[in-house]
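Structural overview for review
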Amino acid sequence: MAAIAGMVLDFGFKMLKSRSDFNENLETLERNVKLLSDRAFDVKTDVENRERSGKKKRKREVGSWFDEVTKVEEGLHALKEVARGKKNVGALEKRNGRVGELLEQSKHFGTLVHDVYESEECLLLAPQVQEEKSKQNLEVIWTWLHVENVSSIGIYGMGGVGKTTLAKHIHNRLVNEVRYHVRWVTVSQGFSIKGLQDDLAKIVNLDLSDEVDELRRAAKLNRAFEERKNIVIILDDVWDRLSLDKLGDPLRVEGCRLILTTRSREVCQKMGCQKLLEVKKLNTNDAWELFRKNLGDETVLSPDIEPVAQSMARRCKGLPLGLITLAGSMRGVTDIREWRNALKEFPDDMESDVFKVLQYSYDRLRDTNMQECFLYCALYPEDFVIDRDELIGRFIMEGLVKGDSRQEEFDQGHTILNKLVKVCLLEAAISFIDEGVRMHVVKMHDLLREMALRITNVKPRYMVRAGIGSQVPEEQDWTFDLDKVSFIKSEIKGIPEDMAPNCPTLSTLLLYNCSLRRIPESFFQHMNNLQVLDLTYNSELMYLPSCISNLGSLRALLLGGCKELRSIPPLGKLKNLRVLDLSGTWLEEVPQGVGNLVKLRFLNMGGIFLYIDELLKEILPKLSQLQYLNLPLCVNARVEDLASLELLELFGGRFCDLHNFNKFMRSRRNYEKDWWYDILVGPNLSFHYSFGYENHKIKKRRLVVKDCTIEAGRGEVPTSIILPYCIQVLRIEKCHGLNSCLVDTFLSQSTIRGLTCEIKHCDDIEWIINVPSGRNTTTDPHCICFHSLRVESLPNLVGVCKGNIASHTFSGLTELIIKECHKMKKLFPRAILQDLKNLQKLEVWYCEEMEEIIAEEATDQDGSSQLGTSSDILILPKLKLLDLFGVPKLKSICEGKLICDSVKYMTFHKCPKLKRLPFYAPTTNAHPFPALRKIYAEENWWETLEWEQSHLKTLFQTLR
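Before going into details, it helps to say that this report is about the structure given with it. Being a predicted model, the structure only gives us computed values, none of them experimental.

**So, the pattern of salt bridges**
- Inspection of the entire model under this criterion finds 31 salt bridges.
- Residue Arg566 pairs with Glu564 through a salt bridge whose shortest N-O separation is 2.9 Å. In terms of burial, Arg566 and Glu564 fall into one category: buried.
- Residue Asp641 pairs with Arg638 through a salt bridge whose shortest N-O separation is 2.9 Å.
- A relative accessible area of 18% means that Arg638 is categorised as buried.
- Connected through shared salt-bridge partners, Lys194, Asp198 and Arg217 make up one network.

**Considerations on the packing of aromatic side chains**
- A full pass over the atoms with the stated rule returns 23 aromatic pairs.
- Judged by centre distance (5.1 Å) and plane angle (90°), the rings of Phe346 and Tyr360 are edge-to-face. A residue pair is termed long-range when its members are at least 10 positions apart, and Phe346 in the loop between α12 (336–345) and α13 (354–363) and Tyr360 in helix α13 qualify at 14 residues.
- Residue classification places Phe346 among the buried positions, given a relative accessible area of 2%.
- The class for Tyr360 is buried, based on a relative accessible area of 5%.

**Let's talk about the pairing of strand β31 (residues 815–819)**
- With four of five residues buried, β31 is to be regarded as a mostly interior element.
- Sheet analysis places strand β29 (residues 784–792) next to β31, joined by five bridges and oriented parallel. Looking at β31, one finds that Ser788 is bridged to Glu815.
- The sheet contact formed by β31 and strand β33 (residues 841–845) spans five bridges and is parallel. The residue of β33 that forms the bridge with Leu816 is Leu842.

**Quick look at α12**
- Residues Ile336, Trp339, Ala342 and Leu343 constitute the buried set of α12. The buried side chains of α12 occupy one side of the element, clustering within an arc of 125° when seen end-on. α12 presents Arg337 and Lys344 as exposed residues on the side facing more than 90 degrees away from its buried surface.
- Structurally, the start of α12 carries an N-cap: the backbone nitrogen of Arg337 is 2.9 Å from a side-chain oxygen of Asp335.

**Topic: the sheet that holds strand β4 (residues 181–186)**
- Taken together, five strands build an open sheet; the order of strands is β4-β5-β6-β3-β7 and the sheet is parallel. Of all strands in the sheet, those with a lone pairing partner are β4 and β7 (275–278), marking the two edges. Ignoring which end each strand starts from, the neighbouring axes of this sheet average 15° apart.
- Of the strand pairs in this sheet, strand β3 (residues 152–156) and strand β6 (residues 256–262) are connected by five bridges, and their pairing is parallel.

**Comments concerning the side chain of Glu564**
- Looking at the element boundaries, Glu564 is found in the loop between β15 (556–558) and β16 (579–581).
- According to the relative accessible area criterion, Glu564 is buried, its value standing at 19%.
- Aside from chain neighbours lying at most four places away, what touches Glu564 is Lys71, Ser539, Glu540, Leu541, Met542 and Trp586.

**Overview of the nonpolar core**
- Residues Trp478 and Phe919 are the most contacted members of the largest nonpolar core, which totals 151 residues.
- Dropping the residues within four chain positions of it, Trp478 is found in contact with Met463, Pro473, Val485, Phe487, Met499, Pro501, Asn502, Cys503, Leu506, Leu509, Phe523 and Met527.
- Judged by nonpolar contacts, the second largest core, of 99 residues, contains Ile153, Trp184, Val442 and Ile488.

**Some details on the pairing of β6**
- With seven of seven residues buried, β6 lies mostly within the body of the structure.
- In β6, alternate side chains face the same way, and those of Cys256, Leu258, Leu260 and Thr262 on one face and Arg257, Ile259 and Thr261 on the other are all buried.
- In this structure, strand β5 (residues 231–238) lies alongside β6, joined through six bridges in parallel fashion. Opposite Ile231, over in β6, you have Cys256 as the bridge partner.

**Description of unusual backbone geometry**
- In the segment running from Lys459 into Pro460, the intervening peptide bond is cis, with an omega of -5°.
- One non-glycine residue, Lys489, lies in the positive phi region at around 55°.
- Here Lys489 is to be found in the loop between β12 (484–486) and β13 (508–510).

**Observations regarding the state of the cysteines**
- Within this structure, the stated rule accounts for zero disulfides.
- With no disulfide of its own, Cys708 has Cys735 as its nearest cysteine by sulfur position, at a separation of 5.1 Å.

What counts as what
- Residues numbered from 1 in each chain as written.
- Predicted model: local features only at pLDDT ≥ 70, side-chain atom pairs only at ≥ 80, totals over all residues.
- Heavy atoms only, no water.
- Salt bridge = Lys/Arg side-chain N within 4 Å of Asp/Glu carboxyl O.
- Buried < 20%, exposed > 50% of the residue type's maximum accessible area, 1.4 Å probe, protein only.
- Phe/Tyr/Trp six-rings, centres within 6.5 Å; stacked < 30°, edge-to-face > 60°.
- Helix = DSSP H or I, 4+ residues; strand = E, 2+ residues; numbered from the N terminus.
- Pairing = 2+ DSSP bridges.
- Arc of directions from axis to C-beta.
- Polar contact = N/O pair within 3.5 Å; in protein donor to acceptor, adjacent residues only side chain to side chain.
- Axes fitted to C-alpha atoms, helices over the stretch in contact; angles between N-to-C directions.
- Contact = heavy atoms within 4.5 Å.
- Core = buried A, V, L, I, M, F, W, Y, C linked by side-chain atoms within 4.5 Å.
- Disulfide = S-S within 2.5 Å.

Structure representation (structure tokens):
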């Protein structure tokens, strides 16, 4: 009894100590979170004050930091609500560590905001207008736009008749007319007012992310519209009357104009359109011309085929979409027998049902696999722009494309999409995302999507609720024979607690970005054939039902972006799993059973935070089929484990130092295949928060090296960094031991073309490129050719380049940004100006000793001078942006005259010694700088300037 009493007493002491430790840790956490919140308040106040001018915008790094602070604050509140036992002490310690990381990160922001220039609307891809009636319609609308009292125009007509094409041509004309600010917004049936407000805000560089109330958002939009002139808003595919009051009431603002397209004349009238244009079907001649053009030059029509082709074109009754789609399906056919057979199969009564001609083109694919790929696109919301790579990734999950490697599968996927585009069942386009990055996309015309949904009402059986707003799933809608279900980008308010759909044949369930908070335990109970489960971007989902462990047919489980997901059920039974995406979740440990997933080809753990420094040694070697591996940056990648992954084609992760990274690179030399990577090298100092890993996807070839010391080899020359194959992005930060010439630090296997290079806080660098006398870089196999060069806080940097530089080194350079390099006096020598023919952006910020931008002479190593070219006229033909900010000793941009007639924006701030602007226009026409939109400069400084041509001062003055 005494022993038992002692055990009870001992247990009691331990419990009391545990509670005491917890309480102390909780108090510490609360104090630290208070410090963090106060810091966030100060930073946010500063950022918002700077943003009010409309010329500044918070950096993405700062915006992401605000999100992380909010998450920590909410996490503290949730933690205080749960039972306070010993098991929570670890969670407290982890959160305390996270708070410390965020506080430390805030000390290294540097500038909080960057300059914002008016958003540029890109030209839209649109088929060339050749039909006479279409040309007339185009000119009619263009004329109305130049009538002062016409502020709203409605374009209406049946689906597929060409309204959007006409509006695209108007849009592109407006973009080319510099005096207009134009914004294209697709409305469609599943729109939201908030989404439309966000789209419209982009035209005026207005950030509405911190405003929730619709009316306040509308008021801010209205105020922003009033500050602009000549704004044209194009609303495409409007289905019902929109409340313009909630969109900033643009028609009440002088200079704002509205163009809308709709299938209904009544919608135009309800929205008060002053001018209405009906787009009618084409006449016989124009219809044949459009049909013939879309057959393509490769389709030669013999005299006996042409009458058959004309008969098919006539059956489309002048509907452009039908003509284009049908012609696409017949492209390349030159056998009269195939044409006659096609005419026989073609429906006679197309006039009463447009979908028959569209389905005929679908039927002509003959390839069931390609048909399935086409139908799959209907699972996305209406008018959705679909990233080709994402779509092909889904094809791979579904088993629609197969190959021995991921590259083969993607090649096959692109071949299928190209075929669907060629036969006009999909539209190809290029979408521009952050910082001008291009994304290749496809899009499905709304009528073709509607046709696809009609097909999938029968077999295969789809249920599509994508992009249609708030809803609650009803169990009676989940029929017994469903194959695929999509709720992509629909707000599911809640799944009934006891809901258990009986769907034994369901293979695909897409609950992507649905605002799900929880899933009932019974929900997957009768989905034993489920192969693809997509729960991506449900940011409030914290737990998964345990029955997921029993979905033995599952091939893909996608949980990326579920920020609150703490744990997931054991996965060891999912023997068929090929794809597992855990990126951006809040998992604290590797899910149980991952090592048993021997068929796994794709494992994405990017952006999660584990308690371990290295993955357990027994996991990776078992996953020998991996083609795609993205590890958490808190984990040190072990070269020994990676060496066993011979099929690896895409890798993301962190090496603790350059020794291990170089060891990994040497191991890769045995593999000749192309590969993609996103690699960081450096100690685990949570630096990954500031490097833009927010999407957790490997889509480029990037190497980031930070906080590393480049050790000397055998006491002499520093160890080189082995650059990976075809590197696209290189970032070096806070590294020591670099050579005085940056490029001498690297070894590469081939010429590096189109490199985006960023170097920060490195004390040893004196030159980016320094070519010794007698060296010929033209034939140097290790030559670096730059696409973008950004340097910041290099205290010993003397200049960008010196010596006999090969012309191709800078011939592809599009942007050059220099910040806080206080030893630089001259940016670059005049001799290389002829190589900067593609330079679009030139920025110099806070360089205290900078005296010349384009130097007349270059100083040699011995202090002697080399004369540059003596030409009086200098040309930067593609320069769009020139920023000179905080350069107190700057005396000259260049000697002589500078022609840069593509420039759009210029900033001159705190340049007191700069007295002359060298800009020159070779002709005195009315618009010598046709692209110029805005100049930012101080008034007192501006008035003292000297000019090459006096009329330019008057012109520039109007744009300040």
